[in-house]
Amino acid sequence: MTRPELTLTADEARRIALRAQGLLGAPDRRAGVRGVLRSLGAVQLDTISVLARTHELVPYARLGAVGREAVEDAYWHGDRSFEYWSHAACILPIEEWPLFAFRRRAFRERGHRWHRLNDRDASTALVRKRLTDEGPLTTADLGGGRAGGEWWDWTETKIAVEWLLDTGEVVCTRRTGWKRVYDLAERAVPADLFHDDLDDAACIRRLVAQAGAALGVATRADLADYHRLKSVQVDAALPESGLVPVEVSGWDRPAYADPSALALPPRGRHRTTLLSPFDSLIWDRKRTERIFDFTHRLEAYVPRGKRVHGYFTMPLLSGGRLVGRVDPAREGRTLVARQLSLQSPREVPRLAEALREAAGWVGCDEVRVEKCSPETVRAPLEAELA
């Protein structure tokens, strides 16, 4: 760690992070969903759908009520993006294809991911031929994904196509009915991007720089978590990443900032919105606590009786701070707040605004509130909603 070039207050760091994530200042509506994907560098995918799936909720939080079909079209129409392993399974801008060559090489060297093929040569050759002859196919088209047991009990064909995806011969070009659609990478990736020419150091250096730009200001651990890099990889990449060493008041670790984030003070209108629990603003729990003094945990996989805030708790972002939580559900044309909490009654109008906007976006024309904490916010909230 070289000597910090600048000291930031905790408030400045928070605002820089919000602007870098597209949640402070006027949204770039002309760039739209595609612009959100480019600036974030990765949008996480997840099977859970309550209001909508998380890859829809991420641009919604930044742009407002973009049509859901328009969101899907922006991701998958043409050769704009691909799906691969970043922070988790993510939609990535197609321009990042060369940057993940290091991960594809790592898979090849390892020889497997979770599953092992009984006959790798024969199984992968069959998948290649089917895709070559028939064009893009789903797992079902290829013969099915499950061998008959639990969800991880995959067929030989499913293991083969996922292995080819891991190693870069196959790419997921889109999802339909939540099923991956596979195609040959040489056919789907633009020719000028279809290469593994960058060595591992160059790939990681560029991903660290991209993570720094998306986070605004970050610790080494923050940078590593963004694309699931190793700390030693980040350490080696930092000196040539272009990121500037800074000190943030109250942070107990050294930090790095994107130079462009420091060029202008972070100003503008704050978004008021509900955030997906998989939103990149908050997907790193330790960073969320450090920046927002807000503890967030996805409880979907916690037994019902042990949940504190609900199944799919969505934090409420208001005034640049995380000030509450809502566990939503949909019943017909009613958005149901099964459980909500607010840090201050002053946030009631903002919460009502966020609930009304979310309801309209998903085609609901009514909002019903069930459990409130504190209970005293129920009456003013229902009055605002009415």
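**Student:** What is the right way to read the side chain of Asp327 from this model?
**Tutor:** For Asp327, the position within the fold is in strand β13 (residues 321-331). Among buried Asp, Glu, Lys and Arg side chains, Asp327 stands out as unpaired, with Arg338 the closest opposite charge at 5.6 Å. One polar contact links the side chain of Asp327 to the main-chain amide nitrogen of Phe312, over a distance of 2.9 Å. Each residue touching Asp327, except ones within four places of it in the same chain, is listed here: His309, Gly310, Tyr311, Phe312, Thr313, Val336, Ala337, Arg338 and Gln339.

**Student:** How should the nonpolar core be read in this particular structure?
**Tutor:** Side chains that are nonpolar tend, in soluble globular proteins, to be buried together. Core analysis: the largest hydrophobic core is formed by 68 residues, its most contacted members being Tyr75, Phe82, Tyr84, Phe100, Val208 and Leu223. The element best represented in this core is helix α10 (residues 200-215), accounting for eight residues. Residues Tyr60, Ala352, Ala359 and Cys364 belong to the second largest nonpolar core, which totals 35 residues.

**Student:** Which parts of the structure should I look at to understand the packing of aromatic side chains?
**Tutor:** To describe a pair of aromatic rings, you give the distance between the ring centres and the angle between the ring planes. Considering all chains together, one arrives at eight aromatic pairs under this definition. Members of the aromatic cluster, each reached through a chain of ring pairs, are Phe82, Tyr84, Trp97, Phe100, Phe102 and Phe194. Just above the ring of Trp178 sits the side chain of Arg175; from NZ or CZ to the centre is 4.3 Å.

**Student:** What's the story with the pattern of salt bridges in this structure? I'm lost.
**Tutor:** One side chain can pair with another of opposite charge once the charged atoms of both are near each other. Under the criterion given, the structure shown has 31 salt bridges. Arg175 serves as the salt-bridge partner of Glu83, at 2.8 Å between the closest nitrogen and oxygen. Of this pair, Glu83 sits in strand β3 (residues 81-85) while Arg175 is found in strand β6 (residues 170-176), placing the two residues 92 residues apart along the sequence. Side by side, Glu83 and Arg175 carry an identical accessibility label, which is buried. A salt bridge links Asp235 to Arg220; its shortest N-O distance comes to 2.7 Å. Here Asp235 is found in helix α12 (residues 231-237), whereas its partner Arg220 is found in helix α11 (residues 220-226), with 15 residues between them in sequence. Residue Arg220 is classed as partly exposed on the basis of its relative accessible area, which comes to 36%.

**Student:** Help me understand the sheet that holds strand β1 (residues 6-8) in this model?
**Tutor:** Adjacent strands of a sheet form backbone hydrogen bonds with each other and so pair up, either parallel or antiparallel. Pairing is mixed across the open sheet formed by four strands, whose spatial order is β1-β9-β10-β8. Every interior strand has two partners, whereas the edge strands, β1 and β8 (217-219), have only one. On average, each strand axis in the sheet is inclined to that of its neighbour by 40°, with strand direction left out of account. The pairing of β8 with strand β10 (residues 255-257) spans three bridges and is classified as antiparallel. Pairing of Val217 across the sheet is with Ala257, part of β10. Across the sheet, helix α1 (residues 10-20) is in contact with β1, β8 and β9 (244-248); its angle to β1 comes to roughly 90°.

**Student:** Would you mind going over the sheet that holds strand β15 (residues 366-373) with me for this structure?
**Tutor:** Reading across the sheet, the five strands line up as β11-β12-β13-β14-β15 and stay open at both edges, with mixed pairing between neighbours. Pairing within the sheet leaves two strands with one partner each, and these edge strands are β11 (273-274) and β15.

**Student:** Would you mind going over the pairing of β9 with me for this structure?
**Tutor:** Residues in a regular strand point their side chains to alternate faces of the sheet. With four of five residues buried, β9 is to be regarded as a mostly interior element. With three bridges connecting them, β1 and β9 associate as parallel partners. For Leu6, the partnering residue across the bridge sits in β9 and is Val246. Summarising the sheet, β9 and β10 pair through three bridges and their orientation is antiparallel. Of the residues in β10, the one forming a bridge with Val244 is Ala257. From the end of β9 to the start of β10, which pair antiparallel, there are six residues, and Gly250 there has a positive phi angle of about 90°.

**Student:** Explain the packing of helix α2 (residues 32-40) against helix α3 (residues 54-63) here, please?
**Tutor:** Helix packing for two helices is described by the angle between their axes and how far apart those axes are. Where α2 meets α3, the axes come as close as 10 Å, and the angle between the chain directions of the two elements is 105°. Here α3 runs roughly perpendicular to α2, going by the angle between their axes. Of α3, the residues touching α2 (which contributes Gly32, Val33, Val36 and Leu40) are Val58, Pro59, Arg62 and Leu63. A class-by-class count of the residues in the contact of α2 with α3 yields six nonpolar, one polar and one charged.

Calculation rules
- Residues numbered from 1 in each chain as written.
- Predicted model: local features only at pLDDT ≥ 70, side-chain atom pairs only at ≥ 80, totals over all residues.
- Heavy atoms only, no water.
- Helix = DSSP H or I, 4+ residues; strand = E, 2+ residues; numbered from the N terminus.
- Buried < 20%, exposed > 50% of the residue type's maximum accessible area, 1.4 Å probe, protein only.
- Lys, Arg positive; Asp, Glu negative; His and termini not counted.
- Salt bridge = Lys/Arg side-chain N within 4 Å of Asp/Glu carboxyl O.
- Polar contact = N/O pair within 3.5 Å; in protein donor to acceptor, adjacent residues only side chain to side chain.
- Contact = heavy atoms within 4.5 Å.
- Core = buried A, V, L, I, M, F, W, Y, C linked by side-chain atoms within 4.5 Å.
- Phe/Tyr/Trp six-rings, centres within 6.5 Å; stacked < 30°, edge-to-face > 60°.
- Lys NZ or Arg CZ within 6 Å of the ring centre and 35° of its normal.
- Pairing = 2+ DSSP bridges.
- Axes fitted to C-alpha atoms, helices over the stretch in contact; angles between N-to-C directions.
- Parallel < 35°, antiparallel > 145°, perpendicular 65-115°, else oblique.
- Nonpolar A, V, L, I, M, F, W, Y, C, P; charged D, E, K, R; others polar.

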